[in-house]
Amino acid sequence: METGRVVVKHLVVGADSSTSVNAQACRGQVEGAALQAFGQSLFEELRYDGTEPVNATPLAYRVPLASDLPERYESFVEHGGPGPFGAKGIGESGMLGVAAAIANAIEDAVGVRLRQIPFTPERVLTAIEGAR
């Protein structure tokens, strides 16, 4: 409430791959996608000054650091109904619910709904102040 900083303590992601050709690779795909969405949800944003990007270098563009990652992280790959040839593509499906889950957690914690990523401390504080 005072800083607007969002700390995700526990992140759980999953996907349904049906019959996995390589279950470990599917789980790795889901985990990687979820952490990519985590970064987009809380940190990543290309900013511009007019038409010029101001943070388009590896040193200026904010991505999550190891210290930013959730304390607990769980993933699972379910094996539901069959897709074509008994398999389904999972692609980047681990990304799909992460931003919405974090937005819901923010709303539960501080009572404001954010609809634009990343959920930066500045955006969280602005929303809290706007709700007062």
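Residues numbered from 1 in each chain as written. Predicted model: local features only at pLDDT ≥ 70, side-chain atom pairs only at ≥ 80, totals over all residues. Heavy atoms only, no water.

### Quick look at unusual backbone geometry
Note the cut-off: Helix and strand assignments come from DSSP, with helices taken as H or I runs of at least 4 residues and strands as E runs of at least 2, each series counted from the N terminus.
Looking along the chain, the bond that leaves Ile-117 and enters Pro-118 is cis, with omega of 0°. Counting through the fold element by element, Pro-118 comes out in the loop between α2 (98-110) and α3 (121-131).

### Remarks on the pattern of salt bridges
Filter applied, for reference: Each reported salt bridge corresponds to a side-chain nitrogen of Lys or Arg within 4 Å of a carboxyl oxygen of Asp or Glu. Exposure classes here rest on a 1.4 Å probe applied to the protein chains alone. A residue is buried below 20% of its type maximum, exposed above 50%, and partly exposed in between.
Tallied over the full model, the rule gives six salt bridges. Two residues, Asp-68 and Arg-62, come together in a salt bridge whose shortest N-O distance is 2.9 Å. Judged by relative accessible area, which is 16%, Asp-68 ranks as buried. Notably, a salt bridge pairs Glu-107 with Arg-113, separated by 3.3 Å at the nearest N-O pair. For Arg-113, a relative accessible area of 30% gives the class partly exposed.

### A word on helix α1 (residues 23-42)
Inclusion rule: Any helix carries an expected span of 1.5 Å times its number of residues minus one. In protein, a polar contact requires one atom able to donate a hydrogen and another able to accept it; more generally it is a pair of N or O atoms within 3.5 Å, and residues adjacent in sequence count only if both atoms are side-chain atoms.
Relative to the 28 Å expected for 20 residues at 1.5 Å per residue, α1 spans 29 Å between its end C-alpha atoms, a close match to the ideal helical length. Where α1 starts, the residue carrying a side-chain oxygen 3.2 Å from the main-chain nitrogen of Gln-24 turns out to be Asn-22.

### Let's talk about the nonpolar core
Selection rule: As used in this record, nonpolar core signifies buried Ala, Val, Leu, Ile, Met, Phe, Trp, Tyr and Cys residues forming a set joined through side-chain atoms within 4.5 Å. What makes two residues a contact is simply this: any of their non-hydrogen atoms within 4.5 Å.
Grouped together as the largest cluster of nonpolar side chains are 22 residues, with contacts concentrated most on Phe-38, Leu-42, Val-98, Ile-102 and Phe-119. Where this core is concerned, the elements lending two or more residues are β1 (10-16), α1, α2 and α3. In terms of residue count, α1 provides more of this core than any other element does, six residues in total. Leave out the neighbours within four places in its chain, and Leu-42 touches Val-6, Val-8, Ile-102, Pro-118, Phe-119 and Thr-120.

### Some remarks on the pairing of β1
Applicable threshold: For two strands to pair, DSSP has to find at least two bridges joining them.
Here β1 shows a buried face lined by Leu-11, Val-13 and Ala-15 and an unburied face lined by His-10, Val-12, Gly-14 and Asp-16. As paired strands, β1 and strand β4 (residues 72-78) are joined by seven bridges and run parallel to one another. Its bridge partner lying in β4, Val-13 is registered against Ser-75.

### Structural notes on the packing of α1 against α2
Spelled out, the test is: Structural elements are reduced to axes, namely lines fitted to C-alpha atoms, with helices fitted over the stretch in contact, and the angle between N-to-C directions of any two is expressed from 0 to 180 degrees. In what follows, roughly perpendicular refers to angles from 65 to 115 degrees, roughly parallel to angles under 35, roughly antiparallel to angles over 145, and oblique to any angle outside these ranges. Here a crossing is called left-handed whenever its near helix is offset anticlockwise from the far helix by less than a right angle, and right-handed whenever the offset is clockwise. Gly is placed with the polar residues, together with every amino acid not listed as nonpolar (Ala, Val, Leu, Ile, Met, Phe, Trp, Tyr, Cys and Pro) or charged (Asp, Glu, Lys and Arg).
Between α1 and α2, the least distance of the axes is 8 Å, while the angle of their chain directions is 50°. Taken together, the axis directions place α1 and α2 in an arrangement best described as oblique. For the pair α1 and α2, the crossing hand works out as right-handed. Judged by residue contacts, Ala-34, Ala-37, Phe-38, Ser-41 and Leu-42 of α1 engage Val-98, Ala-99 and Ile-102 from α2. Its residues placed into classes, the contact of α1 with α2 shows seven nonpolar, one polar and no charged.

### Regarding the side chain of Ser-75
Relative to the helices and strands, Ser-75 is located in strand β4. On the basis of relative accessibility, which here comes to 10%, the residue Ser-75 falls in the buried class. A polar side-chain atom of Ser-75 sits 2.9 Å from a polar atom in the side chain of Arg-27. A polar contact of 2.5 Å, which involves the side chain of Ser-75, links it to the side chain of Glu-31. Apart from the residues within four sequence positions on either side, Ser-75 is in contact with Val-13, Arg-27 and Glu-31.

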